[in-house]
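Letter by letter, the chains look like this.
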Amino acid sequence: MLSKPRPCPPRRCLALAVLLALPALAPAAEDDAGTQCQIGVLKCPKKPADWGMCGKNDLLDFYVPGLPVEGDRNKAERTINALKVNSTDKSHYTLEGNAEIRQLDLFVHAQKITYDTETTDFTAEGPVTYQDRSLLMSATNARGNTDLDRCTLDGARYQLIEARGNGIAQVVVMDDPDHAKLTSATYSTCNPGDQQWAFAARELDIDRAEGVGRGHGVTLRIHNVPVFWFPYIRFALDDRRASGFLYPDIGYSNRRGFDFSLPYYFNLAPNYDATLTPRIMTDRGLMMGGEFRYLTDSSAGVFDAEYLAHDNGAAQERIDYGTPVPDQRWWYKFKDTTSLSPNWFATIDLNRVSDDRYFEDFGRGLYTTAISLLPSSAYLNGHGDWWTASIGGDSYQITDPTLSNIYEPYRRLPRATLNIDKPFGGLFEAELDSEFVAFDKDQGLTGQRIDLYPHLDMPIEAAGYFLRPEIGYRYTSYNLDDLQDSGNPLLTSKHPHRGVPIFSLDAGLVFERDLHFGDEQWTQTLEPRAYYLRVPYRNQDDLPVFDTQEVPFTFGQMFRSNRFVGADRQMDANNLTLAMTTRLLEDSTGTERVSASLGQIRYFDDQRVQLPGPNGQPFAPTTYGGSAYAGELDLHISDHWRIVLDQQWNPNSHQTDLSTVGVQTRFGDGGVVNFSYRFRRDFLEQVDLTAAIPIADGWRLVGRENYALNNPLALPGDPHGKGGRTLERFLGVEHETCCVTWRVLARHWIRDAEGNADDAIYFELELKGLGSIGQKTDSFLRRAILGYQ
């Protein structure tokens, strides 16, 4: 059964009459816009503000829990109580001593209340407390009418019950249970005794029915210092959506100049909305951006686009780079997921830019400029109890100007897959992995490929051992187009094919023993494992290479039936992998404190199947008798220290092929330091130091130094050549209090393969519960600093 269309997630909006007059708050902008987080294909407001640093509001001392909130207040029973009650005419009453009026969610408490039973008018003398389903107030005195749900309070302090907002007001007029008008009022999400920011308004309307506040003659004060003045402002009290301006992005970049964007949000319907974002860049021009989101009973999707009609900097870039840069610059993205039936659904992910320098020039994300290939795909997907299937296609666009078009991956149009995993007899599993692909490319060989791998498994699993035999046959066939475009003299047939049987046997044991260290109980395991793989040799030099690469050698790769990813090559094998793993577990917590593994592949035959080299000829077979020794070590020394080692030593060359070391320590309130060393022979050698260090309550330093000790793959245009250089460095400070967070971050990084570097400064100010201005750096820091929170 299909459900009703769901509403799109909300967005906080800010409608400011003079917002364009705001001064720039931050230098350097290279961050992705918006205060939203990504969930599926739809965006939602960023994660809820963290109020953990806030103390208890004193107003909550008189909060009465458990008052009913459902029902009609006017139809509910009204009770009036006091320690002393006087009446002169049986309609006018004077209540003294803990006097109170209760009616459904309404609760008024005072030292003295006068009440008229005929008109239901009342007056209360202080101190007075007032509570309803969503508002809590204290005042010097109050007056009102219970039948009309009206109440006026003088000298009031208030607190929203379902939100963090609070403040003071000279006069509060409650027109009905959902609307309040405040005169000479303030609004803030800070503690009442420490108002680090607040709106001070001549008039302030609290509309709890719509979830918005409206202010007239408003001054934004930060630490009681006037910062901005607005004739009118509207702000969100909760997460409900409303049309209006979103918070601006402001910054500066040497590629764009002053950069200012002001999104306007359109709340079109419960299940679709739109955002229009004008973006002014002084060195580039006016760019228009937009987003449309929709959510129905069967579909969810989002369309994003940006368009710059005339790029003022394009002409200079054509001179600087000597490459064509268009005057019109654009980008779009479309994502959709549609359910067609319980077993079938469609996915679309389309991405396109006007040219390969677009992200370098206009990307605002801290990692956007690192995009080299922009993927697009569209698929129809199906699944059942024992099968999955898909049909669709993939394509890529090069977005790195240092990459030639010859490196663009093949378009896979169409591509179809069918995978079957059918148990039978309670012991066997019959499986089929199959794929059909049509490969297309502007330059190079094209054609179609079908790959079939039926296999029979008989897994035997128990607590102390496992045995997993598998036997299958892999058949791959091609239908190639013009062979002259291949550039490989070994490709002589338009219909080459390969068929090869594959047998593997994976077996392992698990031994355990109890250990005692003082009063602590531990468990140690010893897990020997053997993996035998037999694949007869088949000459595959006459097969093209469309999408196949060799997998880098790792400990886990020793237990794969093919060292290649892709169907163009199937390794030959007569190999036996021997490995040993041991673990040390803390019984009281179940924590794995130590995990160590060591293994090697023993080759009984030469490894003859290889990928072709630059001249089309395959690389020489590997003739040594064993692989490198691969070892892994993971030490959880304590809850605050962890060390991870990954080592590969090659006995054939007597050299280390790979070495990585990672050390992490956690300390204090959110403190973390990471150090890592990465080495792969003839490829890279780097050290990386990241840290988030608390220096005082609410203050933290963040930083990173990622340094390449050498760069063997440096391009000829790199001025540093193959020597060492900094790949990325940043240093910043962040400060968080109950209701305010701000960050300042200075960053230097290599932006492309040619070795060109950029520098930027990022600033973000968040007034919790209201919004943020500046560059959104928290997601960048989470990616850059392992363990950052």
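In this text, all values refer to a predicted model and were calculated from it rather than measured experimentally.

Two elements, strand β25 (residues 373-383) and strand β26 (residues 387-398), share 11 bridges in a ladder whose sense is antiparallel. What sits directly across from Leu380, in β26, is Ile391. Once β25 ends, the chain turns through 3 residues before running back antiparallel as β26. Here 7 bridges tie β26 to strand β27 (residues 411-424), and the two strands are oriented antiparallel to one another. Paired with Gly392 across the strands is Arg415, a residue of β27.

Right, let's talk about the state of the cysteines for a bit. Between two cysteines, a covalent bond joining their sulfur atoms is known as a disulfide. For the structure on display, the rule yields 2 disulfides. In this model Cys54 forms its disulfide with Cys738; the gap between the sulfur atoms is 1.8 Å. Looking along the S-S bond of the Cys54-Cys738 disulfide, the torsion reads about 95°, which is the right-handed sense. Here Cys54 is found in the loop between β3 (42-45) and β4 (78-81), whereas its partner Cys738 is found in the loop between β45 (725-736) and β46 (740-750), with 684 residues between them in sequence. Cys738 sits in the buried class, given a relative accessible area of 7%. Residue pairing for Cys190: its cysteine sulfur links by disulfide to Cys739, the two sulfurs lying 1.8 Å apart. Between Cys190 and Cys739, the S-S dihedral sits near 90°, and the bridge is therefore right-handed. Residue Cys190 is found in the loop between β12 (179-187) and β13 (197-207), and its partner Cys739 is found in the loop between β45 and β46; the two are separated by 549 residues along the sequence. For the pair formed by Cys190 and Cys739, the shared burial category is buried.

In this section: the environment of Leu135. Within the secondary structure, Leu135 is located in strand β9 (residues 135-145). Taking the relative accessible area as the measure of exposure, Leu135 reaches 4% and is therefore buried. The spatial distance from the C-alpha of Leu135 to the C-alpha of Asn166 is 9.5 Å, given a sequence separation of 31 residues. Non-local contacts of Leu135, meaning those with residues more than four positions away in its chain, are made with Tyr130, Tyr158, Gln159, Leu160, Ile161, Met174 and Arg208.

For the rest of this paragraph, the subject is the environment of Gly670. Its place among the elements puts Gly670 in the loop between β41 (655-667) and β42 (671-680). Here the alpha-carbon distance between Gly670 and Tyr788, two residues 118 residues apart in the chain, equals 7.3 Å. The residues touching Gly670, leaving out its near neighbours within four places in the chain, are Ala692, Pro694 and Arg700.

Bringing the packing of aromatic side chains into the picture now. How two aromatic rings sit relative to each other is set out by the distance from centre to centre and by the angle between their planes. Inspection of the entire model under this criterion finds 24 aromatic pairs. Geometrically, the ring pair formed by Phe555 and Phe559 is edge-to-face, given 5.8 Å between the ring centres and 65° between the ring planes. When sorted by exposure, Phe555 lands in the same class as Phe559, which is buried. Cluster of aromatic residues (ring-pair linked, three or more members): Phe303, Trp330, Tyr332 and Phe334. Its guanidinium or amino end placed over the ring of Tyr537, Arg608 lies 3.7 Å from that ring's centre, counting from NZ or CZ. Note that Arg747 overlies the ring of Trp749, its terminal NZ or CZ placed 4.1 Å from the centroid.

Now for the pattern of salt bridges. Applying the stated criterion across every chain yields a total of 50 salt bridges. For the salt bridge of Asp361 with Arg284, the shortest nitrogen-to-oxygen distance reads 3.4 Å. Of this pair, Asp361 sits in helix α2 (residues 358-362) while Arg284 sits in the loop between β20 (272-281) and β21 (285-295), and the two are 77 residues apart along the sequence. The same class applies to Asp361 as to Arg284, namely buried. One salt bridge in this structure joins Glu435 and Arg449, with 3.1 Å as the shortest N-O distance. Of this pair, Glu435 sits in strand β28 (residues 428-440) while Arg449 sits in strand β29 (residues 447-457), and the two are 14 residues apart along the sequence. In this structure Arg449 comes out as buried when scored by relative accessible area, which is 1%. Where salt bridges share partners, they join Asp394, Arg412, Arg415, Glu435, Arg449, Asp547 and Asp568 into one cluster.

Let us now look at a nonpolar patch on the surface. Among the surface-exposed residues, Phe266, Leu268, Tyr272, Leu276, Ile280, Leu286, Met288, Phe292, Phe303, Tyr332 and Leu350 lie close enough to one another that they form a single nonpolar patch of about 910 Å² accessible area. Residue assignment for the nonpolar patch shows that the elements contributing at least two residues are β19 (264-269), β20 and β21. Its location among the elements puts Leu350 in strand β24 (residues 344-353). In this structure Leu350 comes out as partly exposed when scored by relative accessible area, which is 31%.

If you look at the biggest cluster of nonpolar residues, it comprises 54 residues, and the most contacted ones within it are Leu153, Trp197 and Phe199. Setting aside residues no more than four positions away along its own chain, Leu153 makes contact with Tyr130, Met137, Ala139, Asn141, Ala142, Gln170, Val171, Val172 and Met174. Judged by nonpolar contacts, the second largest core, of 20 residues, contains Phe555, Phe559, Met571 and Ala573.

Basis of the calculations
Residues numbered from 1 in each chain as written. Predicted model: local features only at pLDDT ≥ 70, side-chain atom pairs only at ≥ 80, totals over all residues. Heavy atoms only, no water. Pairing = 2+ DSSP bridges. Helix = DSSP H or I, 4+ residues; strand = E, 2+ residues; numbered from the N terminus. Disulfide = S-S within 2.5 Å. Buried < 20%, exposed > 50% of the residue type's maximum accessible area, 1.4 Å probe, protein only. Contact = heavy atoms within 4.5 Å. Phe/Tyr/Trp six-rings, centres within 6.5 Å; stacked < 30°, edge-to-face > 60°. Lys NZ or Arg CZ within 6 Å of the ring centre and 35° of its normal. Salt bridge = Lys/Arg side-chain N within 4 Å of Asp/Glu carboxyl O. Patch = residues over 30% accessible without salt bridge, like charges linked within 9 Å, V, L, I, M, F, W, Y side chains within 5 Å. Areas by Shrake-Rupley, 256 points an atom, 1.4 Å probe, with all protein chains shown as cover. Core = buried A, V, L, I, M, F, W, Y, C linked by side-chain atoms within 4.5 Å.

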